[in-house]
Amino acid sequence: TKDSGAIFKEIRRGDFLVHLPYHNFNSSVLRMLKSAAVDPDVLAIKISIYRTSSQSPVIQALIEAARRGKQVAVFVEITARFDEAPNIAWGQVLENAGVHVVYGMKRLKTHVKLCLIVREESDGIRRYIHVGTGNYHTGTARQYEDLGVLSCDPALSESVSAVFNELTGSIAAPDYGNLLVSPHNLRGRFTELIRREAEHCQAGRPCGIRAKMNQLQDSLIIQELYAASQAGVTISLNVRGMCCLRAGVSEISENIKVFSVLGRFLEHGRIYRFENGGEPEFYIGSADWMRRNLDSRMETVMPVLDKGIQRELEHMLDIYENDNVTAWDLQPDDTYLR
C-alpha cells in the first residue's frame, strides 16, 4: 500500500507502451491492477476479460479490490472459444467476492481488451486506462507478442469509459471520440483512412499503408486496399495467418506486399499505420481486418498520439519488414516463399 500510487505517478508523466513478452506483464499491466487494488485513492476498477488463467493473479487483484470496498466491474465474455466453462467458473468466484460481473452481450461477442481505473487525486478525479491487443492472461503474456498502452489521457479515458457504459448498460454512446469501436465506427473509419491515402497519392503527397494483424479476410476492406494500390499507394501487410488478399498481381495489387512472420512467439499484436501526407497516424487494438471483427464483435482500436510510442511502433514495423529469417512472402499465385 505504501507505494501503491507510484505507477500512477509514472503514467501521469506520459503514456507507456507495453510490448509483450519483451516487456514483463507482471511489472506493467499486472502491477497497475495490483496497485489499484490496494491504493486507498482508487475508487473503481473496470475490466473486460476474454480469456485468463484459472489461478490468475488478475482475478486475485480484483477480489482484493472488492474486499477493500472499491467498486469493481468485470465484463466476462462467456463464449470465448475453449474457455466457456472456466470463464463462468471464475466469474462466479468474482461474484461471491462482491464484484459486479456482466456476462456477455446479446448478439455481439465482446473482444475488447480494456481496463479503466478511477482514482481520486488532489486536483480531482482522474482515469487511468490500458488499451491492448491481448488478453489479461499471465500465460499468453509469455508466449504471445502483444501490445498495449497505459495512459491517463482525458479524451481517450472518456471514450474508454463510454465503452464500459455500453458493456454494462447495453446502451451505445452517441460518440466515442477518436476511439475506433466496432460495430459502430471502426469499419467506416478504416475505410476513410485507406481512401485518404489514395487521395494523398493522387495529389502527389506522401502516402502509404503499413499494417500488422492476425488475419485479413474482409472483402470490402480488401477491395479498398486494391483500389488504393491501383491509385499508387504502397501497402505493406504483415498478416500472420489467413489472408484472402492476392498480393503483387499486375494492375490489381502490384503495390501490395504481404508477408507472414512465424517465429518464437505467436504474433498477436495489431498495428495500423497511415502515412497521411507526411504526418503519420498510428493505431493499435483488438481488431483484425475480418468481417467478424468489424461487424459482429465489440472491438476497440486506439489512436497512438504519443510521439515516442509512434517511433517505437515505426521501429517494430521496420524490424518485421527487414526480417530475412522467419518471414514468408506471399506470391501472386498464393504460395508463400520463405
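The preceding data block contains the structure.
Let me sum up the structure you'll find in this document. (Residues numbered from 1 in each chain as written. Predicted model: local features only at pLDDT ≥ 70, side-chain atom pairs only at ≥ 80, totals over all residues. Heavy atoms only, no water.)

## Some points on the overall build of the chain
Right, on to step 1. Scanning the chain for helices and strands turns up 9 helices and 18 strands.
Right, on to step 2. The globule rule puts the C-alpha radius of gyration for 338 residues at 20 Å, and the 20 Å found for the chain is close to it.
Right, on to step 3. Principal axes of the C-alpha set define a box for the chain whose edges measure 65 × 45 × 40 Å.
Right, on to step 4. When the 338 residues of the chain are sorted by exposure, 55% land in the buried category.
Right, on to step 5. Accessible area for the chain stands at about 14,800 Å²; split by element, carbon and sulfur atoms hold 48% of it.
Right, on to step 6. Seen as two clouds, the 39 positive and the 42 negative side-chain charges of the chain have centres 5 Å apart. (Helix = DSSP H or I, 4+ residues; strand = E, 2+ residues; numbered from the N terminus. Rg over C-alpha atoms; globule rule 2.2 N^0.38 Å. Buried < 20%, exposed > 50% of the residue type's maximum accessible area, 1.4 Å probe, protein only. Areas by Shrake-Rupley, 256 points an atom, 1.4 Å probe, with all protein chains shown as cover. Lys, Arg positive; Asp, Glu negative; His and termini not counted. Charge placed at Lys NZ, Arg CZ, Asp CG, Glu CD.)

## Observations regarding the nonpolar core
Right, on to step 1. Judged by nonpolar contacts, the single largest core of 38 residues is most densely connected at Ile47, Val58, Leu62, Val74, Leu94 and Ile117.
Right, on to step 2. Going through the elements one at a time, helix H1 (6-13), strand E1 (16-20), helix H2 (29-38), strand E2 (42-49), helix H3 (57-67), strand E3 (71-76), helix H4 (84-96) and strand E6 (114-121) are the ones with two or more residues in this core.
Right, on to step 3. Val160, Leu179, Leu313 and Leu317 belong to the second-largest nonpolar core, a separate cluster that totals 36 residues. (Core = buried A, V, L, I, M, F, W, Y, C linked by side-chain atoms within 4.5 Å.)

## So, the pairing of strand E7 (residues 124-132)
Right, on to step 1. In the sheet, E6 pairs with E7 via 8 bridges, with the strands oriented antiparallel. From the neighbouring strand, cysteine 115 faces E7, where its bridge partner is histidine 130.
Right, on to step 2. From the end of E6 to the start of E7, which pair antiparallel, there are 2 residues.
Right, on to step 3. Note: E7 against strand E8 (residues 144-151), 4 bridges, orientation antiparallel. Looking across to E8, one finds that isoleucine 129 is bridged to serine 151. (Pairing = 2+ DSSP bridges.)

## Notes on the environment of alanine 228
Right, on to step 1. Its place among the elements puts alanine 228 in helix H7 (residues 219-230).
Right, on to step 2. Between the C-alpha atoms of alanine 228 and valine 261, which are 33 residues apart in sequence, the distance is 24 Å.
Right, on to step 3. Ignoring anything within four residues of it in the chain, the contact list for alanine 228 reads Ile194, Ala198, Val233 and Ile235. (Contact = heavy atoms within 4.5 Å.)

## Some remarks on the pattern of salt bridges
Right, on to step 1. Considering all chains together, one arrives at 24 salt bridges under this definition.
Right, on to step 2. A salt bridge links glutamate 121 to arginine 119; the shortest N-O distance between them is 2.8 Å. Comparing glutamate 121 with arginine 119, the two get one shared label, buried.
Right, on to step 3. Taking the shortest distance from any N to any O, the salt bridge between aspartate 318 and arginine 210 comes out at 2.7 Å. Residue aspartate 318 is located in helix H9 (residues 307-321), and its partner arginine 210 is located in strand E10 (residues 209-213); the two are separated by 108 residues in the primary sequence.
Right, on to step 4. Aspartate 318 gets classed as partly exposed once you look at its relative accessible area, which sits at 30%.
Right, on to step 5. What emerges from the salt-bridge pattern is a single network uniting Arg12, Asp39, Asp41, Arg119, Glu121, Asp123 and Arg126. (Salt bridge = Lys/Arg side-chain N within 4 Å of Asp/Glu carboxyl O.)

## Focus on helix H6 (residues 186-202)
Right, on to step 1. For H6, built from 17 residues, the straight-helix expectation of 24 Å at 1.5 Å per residue is met to within 8% by its first-to-last C-alpha distance of 25 Å.
Right, on to step 2. Every buried residue of H6 is listed here: Leu186, Arg187, Phe190, Thr191, Leu193, Ile194, Arg196, Glu197, Ala198 and His200.
Right, on to step 3. Glycine 204 occupies a position one or two residues after H6 and carries a positive phi of about 80 degrees. (Expected span 1.5 Å × (residues − 1).)

## Focus: the state of the cysteines
Right, on to step 1. Summed over all chains, the structure comprises 0 disulfides.
Right, on to step 2. For cysteine 201, which is in no disulfide, the shortest distance to another cysteine sulfur is to cysteine 207 and amounts to 3.8 Å.
Right, on to step 3. The thiol sulfur of cysteine 244 is not disulfide-bonded, and the nearest other cysteine sulfur, from cysteine 243, lies at 6.8 Å.
Right, on to step 4. Its relative accessible area of 42% is what places cysteine 244 among the partly exposed residues. (Disulfide = S-S within 2.5 Å.)

## Quick look at the environment of glycine 139
Right, on to step 1. Following the sequence through the fold, glycine 139 ends up in the loop between E7 and E8.
Right, on to step 2. For glycine 139, a relative accessible area of 17% puts it in the buried group.
Right, on to step 3. Along the primary structure glycine 139 and threonine 335 are separated by 196 residues, whereas in three dimensions their C-alpha atoms are 33 Å apart.

## A word on the packing of H2 against H3
Helix-helix packing is described using two parameters, namely the angle between the two axes and the distance between the axes.
Right, on to step 1. Viewed as axis vectors pointing N to C, H2 and H3 meet at an angle of 15 degrees, and their least axial separation amounts to 8 Å. Taken together, H2 and H3 sit at an angle that is classed as roughly parallel. For the pair H2 and H3, the crossing hand works out as left-handed. Mapping the contact onto sequence places Leu30, Leu33, Lys34, Ala37 and Val38 in H2 and Pro57, Val58, Ala61, Glu64 and Ala65 in H3.
Right, on to step 2. Of the residues assigned to the contact of H2 with H3, the class counts are 8 nonpolar, no polar and 2 charged. (Axes fitted to C-alpha atoms, helices over the stretch in contact; angles between N-to-C directions. Parallel < 35°, antiparallel > 145°, perpendicular 65-115°, else oblique. Left-handed = near helix turned anticlockwise from the far one by under 90°. Nonpolar A, V, L, I, M, F, W, Y, C, P; charged D, E, K, R; others polar.)

## Details of helix H5 (residues 154-169)
Right, on to step 1. Over its 16 residues, H5 runs 22 Å from end to end, which matches the ideal 22 Å to within 8%, given 1.5 Å per residue.
Right, on to step 2. For H5, the set of buried residues is Leu156, Ser157, Ser159, Val160, Ser161, Ala162, Val163, Phe164, Glu166 and Leu167.
Right, on to step 3. For H5, the N-terminal cap is aspartate 153; the gap from its side-chain oxygen to the backbone nitrogen of alanine 155 is 3.3 Å.
Right, on to step 4. One or two steps after H5, the chain reaches serine 170, where phi turns positive at roughly 60 degrees. (Polar contact = N/O pair within 3.5 Å; in protein donor to acceptor, adjacent residues only side chain to side chain.)

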